[in-house]
Every structure is written in structure tokens, then in C-alpha cells.
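Residue-level structure breakdown
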Amino acid sequence: MASYKNIVVLTGAGISAESGVSTFRDSGGLWEKHRIEDVATPDAFRRDPERVQNFYNLRRAQLSAVEPHAAHFALGRLEKELEGRVTVVTQNVDNLHERGGSTNIIHMHGELAKVRCQTCHQVFEWLEDCTQETSCPACGQSPALRPHIVWFGEMPFEMDRIESLLYECDLFVSVGTSGNVYPAAGFVAAVRSHGMAHTIEVNLEPSEGVSYFAETRHGKAGELLPELVEELLTLRKK
Ligand code: OAD
């Protein structure tokens, strides 16, 4: 390992699992209890908006019942100590990275704690329930608000910025993601294709993309990530 100048950390549901947030594809995960096509597509929202709003209302309400843990705090510490050199690109829609001290975060699949107006396109911080009767605080329309979530079939947010970061990074770490959902599942191959960056997978078990990583660490994020951050910070001091 060398001392790194640009670090990208991709995170998925596994990093929030130890906080008590359900993952999607593990046994008992969200996609075992709900069909994607019922709650997480633009079509589902057109067909049955109340059902989709309710699915996200329940998940939004869960935010206040969970706390960040050692892995989120470790990333917060890494960013603070390596100022300007760390970006968290997360597929997670919870706010546990923010609460763990990270500030340089890209929520590529959106955020539970926000809604947006389909009429005037403004985005609002939102911790309450949202229904088809709720009026847009800016333009007053209803129904108009939808969860600020990227559904299947929609384009993830900030892809241009993410592509530049992947191109420029010299360390790419993937934490708690099964490697099933593109484009995030393709990030490690994109990083490898332009050469020099080191790549590390931190996951409970080998992901779908495990063979693309130069280094793998398998176990709980809450145990492995603080260790990795400690190693990275020690390198900087050498
Ligand atoms: P998944 O549920 O597909 O995968 C979670 C991964 O985390 C699995 O590989 C687990 O082995 C691992 N894991 C579980 N507990 C862990 C722990 N304590 N420490 C480390 N790893 C652990 O979740 P994602 O890969 O995030 O998209 O799913 C990607 C996207 O699919 C989500 O953003 C969501 C979903 O459909 C949308 O809703 C658009």
C-alpha cells in the first residue's frame, strides 16, 4: 500500500446492516418482502402511488430509529483526517454516512430524507410522511411530490461526476454491496480499466464482482472498516 491522494469509497446496504437497516438481497432482505415492480419503478408509482409512498414513508420513519456504527464513523474520520481526498459514493438512501461524520457524499440512488416536486422540480428535505394529498411547499400542487429516490429504469444521480472520480482515484474501496446492480456494479471494472488504482472489496462474503478486486477482506464492515481506515491513516504519517 502507498499513501493515496484520491480515495473513492462505494458503499451499499451491507454497511448499514449493523445499524439495523435491512439489506435487499440477503435472506429476509427487502426484496424478499416486496416485489421491485410493486414499489421501486416509475410504473409502480403511476399504478399505485399510495402504496409506493407508504413503502418509502415506512423506510423514512425508520431513519430516526437507527444510528450510525463504527464503519460509518471510520469513513467520517478518514475524510476529516485526509481533507479533500475522500469521496463516499453510496447506493444507500439512508442518512447514516452524514450522521457518521462524512460530508463529501454522493447519493447516487437518492435520499429517503428528501422528496421532490414533479411539477416545479424542487427538492425538499423531508422527514415526515408524504402522501398524494401533501402539497408542494413551493408551487402548492398536489399530488406532485414523490420520493427523491432513483427507481429501477431511472438514471442514477451525478454519473458524470462519479465517472471523473473513478478515473482520477488511486484507491477504490467497495463496502457492503452485492455487486448485482449496475452502474455501481461496474465501477471496479471501470477503475481497473485505466490502470493504476488499488481496489479493495470489504464485504461479508465475496460479491458478484469479487474477481475484479486486487484485495478482498471478508467479514463485517463494522470490524473491518475501522481497521482499514487505521492502516490508511498510518500510511499517511510514514
Ligand atoms: P444488497 O442487499 O444487494 O447486498 C448487500 C451486501 O452486503 C451483501 O453482499 C451482503 O453479503 C453484504 N453485507 C451484509 N451485512 C454486512 C456487514 N455487516 N458488513 C459487510 N457486508 C455486509 O445491497 P446493495 O448491493 O446495496 O437499489 O444493493 C444495490 C441496490 O440494489 C440498492 O441500492 C437498491 C437495490 O435494489 C435501488 O433501490 C435502485
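Tracing the sequence through the fold places histidine 109 in the loop between β3 (105–107) and β4 (110–117). The class of histidine 109 is buried, set by a relative accessible area of 15%. Separated by 3.4 Å, the side chain of histidine 109 and the backbone oxygen of glutamine 91 make a polar contact. What histidine 109 contacts, discounting residues up to four positions off in sequence, is Thr90, Gln91, Val93, Ile149, Val150, Pro156 and Val181.

Here the structure, examined in full by the defined rule, presents seven aromatic pairs. Measuring from ring centre to ring centre gives 6.4 Å for tryptophan 31 and phenylalanine 152, while their planes differ by 65 degrees; the resulting arrangement is edge-to-face. Taken as a pair, tryptophan 31 in helix α2 (residues 30–33) and phenylalanine 152 in the loop between β6 (145–149) and α8 (159–168) lie far apart in primary sequence, 121 residues in all. Through a chain of ring-to-ring contacts, the aromatic side chains of Phe24, Trp31, Phe45, Phe55, Tyr56, Trp151 and Phe152 assemble into a single cluster.

Residue position: asparagine 92 is located in the loop between β2 (86–90) and α7 (96–99). It is 19 Å that separates the C-alpha atoms of asparagine 92 and glutamate 205, two residues lying 113 residues apart in sequence. Every residue in contact with asparagine 92, bar those within four places of it in the chain, is listed here: Thr11, Gly12, Ala13, Ile15, Ser16, His107 and Gly110. Within the structure, the side chain of asparagine 92 is placed 3.0 Å from the backbone nitrogen of alanine 13, a separation counted as a polar contact.

Here we come to the sheet that holds strand β5 (residues 123–125). Spatially, three strands are ordered β5-β4-β6 in an open sheet, and the strand pairing comes out antiparallel. Two strands lie at the open edges of the sheet, namely β5 and β6, each paired on one side alone. Taken pair by pair, the neighbouring strands of this sheet meet at an average axis angle of 40 degrees, ignoring direction. Sheet strands touched by helix α5 (residues 49–62): β4 and β6. Its angle to β6, the strand with the most contacts, is close to 55 degrees.

The rules behind the values
- Residues numbered from 1 in each chain as written.
- Predicted model: local features only at pLDDT ≥ 70, side-chain atom pairs only at ≥ 80, totals over all residues.
- Heavy atoms only, no water.
- Helix = DSSP H or I, 4+ residues; strand = E, 2+ residues; numbered from the N terminus.
- Buried < 20%, exposed > 50% of the residue type's maximum accessible area, 1.4 Å probe, protein only.
- Polar contact = N/O pair within 3.5 Å; in protein donor to acceptor, adjacent residues only side chain to side chain.
- Contact = heavy atoms within 4.5 Å.
- Phe/Tyr/Trp six-rings, centres within 6.5 Å; stacked < 30°, edge-to-face > 60°.
- Pairing = 2+ DSSP bridges.
- Axes fitted to C-alpha atoms, helices over the stretch in contact; angles between N-to-C directions.

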